[in-house]
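Geometric and topological summary
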Amino acid sequence: MNMQGSLFGDTLSRPLADRMRPTDISEIAGQDELLGEGASLRRMIDSGKLSSFILWGPPGCGKTTAARIMADHSDMHFVALSAVFSGIAELRKAFDDAAKRRLTGQATLLFVDEIHRFNRAQQDGFLPYVENGTVTLVGATTENPSFELNSALLSRCKVFVLHPLDREALGKIIVRAEQEAKRELPLTDEARDTLCALADGDGRYLINLIESVLQFADPDSKMDSAALTR
């Protein structure tokens, strides 16, 4: 087997969003009010001492990526669960494993996506493990935490609000995608603006749109907005 060819093929077969996933806070597009130099969440990250918190924002604004980078930056073991697919058994295992790691000096960042989908009793189950430091909880939600999360859990977590990505942030994602693909998107300037408008502040959706353009558009002919939306 040609190992070099195999590895190259594996890289090309990976989705663009996976290949573009930021590995450093500075690579995250947008959210400068939280992640920019001197911003509140950035100061916590730079200190290397994370406390439990909730990230509230729309889809595709960088919640999962930010949490993963925070864990790496703080030398914490990263565990990701989704409240859509996980239940009591998965939570219990995550807590038990975190307790074992704690005995060896390894801290755990438990990221729970769509945390508002856990019911009130399940949310109460987080409390002792957050209080005693078994896990540092980072919950992500698209819903208002004040209405969807237990007051007891909220009292133990800061809430950081993330916003839809603006035109500048979306533009940076397009540039990074072109660098990753090693070619420019075959779009007119107007069509580039239309691409950002279609994404509607969702960086993940924008990357999926970019991937479709790279796969199916004629690289030798620039598409206008009308052709892009057909």
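Preceding this paragraph is the structure being described.
Structure report, in brief.

How each quantity is defined
Residues numbered from 1 in each chain as written. Predicted model: local features only at pLDDT ≥ 70, side-chain atom pairs only at ≥ 80, totals over all residues. Heavy atoms only, no water. Phe/Tyr/Trp six-rings, centres within 6.5 Å; stacked < 30°, edge-to-face > 60°. Helix = DSSP H or I, 4+ residues; strand = E, 2+ residues; numbered from the N terminus. Buried < 20%, exposed > 50% of the residue type's maximum accessible area, 1.4 Å probe, protein only. Contact = heavy atoms within 4.5 Å. Polar contact = N/O pair within 3.5 Å; in protein donor to acceptor, adjacent residues only side chain to side chain. Pairing = 2+ DSSP bridges. Axes fitted to C-alpha atoms, helices over the stretch in contact; angles between N-to-C directions.

Right, let's talk about the packing of aromatic side chains for a bit. What the rule picks out here adds up to five aromatic pairs. Their ring planes at 80° and their centres at 5.4 Å tell us that Phe53 and Phe160 sit as a pair that is edge-to-face. Here Phe53, found in strand β1 (residues 53-56), pairs with Phe160, found in strand β5 (residues 158-161); they are 107 residues apart in sequence, far enough to count as distant. Across this residue pair, the class does not change: Phe53 and Phe160 are buried. Centroid distance Phe78 to Phe111: 6.2 Å. Interplanar angle 25°. Geometry classified as stacked. Of this pair, Phe78 sits in strand β2 (residues 77-82) while Phe111 sits in strand β3 (residues 108-113), placing them 33 residues apart in sequence. Phe78 gets classed as buried once you look at its relative accessible area, which sits at 16%. Classification of Phe111 as buried rests on a relative accessible area of 2%. Taken together through their ring pairs, the aromatic side chains of Phe95, Phe118, Phe126 and Tyr129 make up a single cluster.

A word on helix α12 (residues 189-199). Taken residue by residue, α12 has Ala191, Arg192, Thr194, Leu195, Cys196 and Ala199 as its buried positions. In this fold, the buried residues of α12 make contact with α11 (167-181), α13 (203-216) and α14 (225-228). Within two residues after α12, Asp200 carries a phi angle of roughly 50°, on the positive side.

So, on to the side chain of Thr134. Relative to the elements of secondary structure, Thr134 occurs in the loop between α8 (127-131) and β4 (136-141). Thr134 gets classed as buried once you look at its relative accessible area, which sits at 7%. A polar contact of 2.6 Å, which involves the side chain of Thr134, links it to the side chain of Asn132. Filtering out sequence-adjacent residues up to four positions away, Thr134 remains in contact with Phe95, Ala98, Ala99, Arg102, Thr108 and Tyr129.

With that out of the way, let us pick up the sheet that holds β3. The strand order across the open sheet formed by five strands is β2-β3-β4-β1-β5, and the pairing between neighbours is parallel. Looking along the sheet, the strands with just one partner apiece sit at the ends: β2 and β5. The mean angle between the axes of side-by-side strands here comes to 20°, regardless of whether they run parallel or antiparallel. Pairing geometry for β2 and β3, over six bridges, is parallel. By the bridge assignment, Ala80 is partnered in β3 with Phe111. Contacts between helix α4 (residues 40-47) and the sheet are confined to β1 and β5, with β5 contributing the most and set at about 120° to the helix. Helix α6 (residues 88-103) contacts β2 and β3 of the sheet and is inclined by roughly 175° relative to β2.

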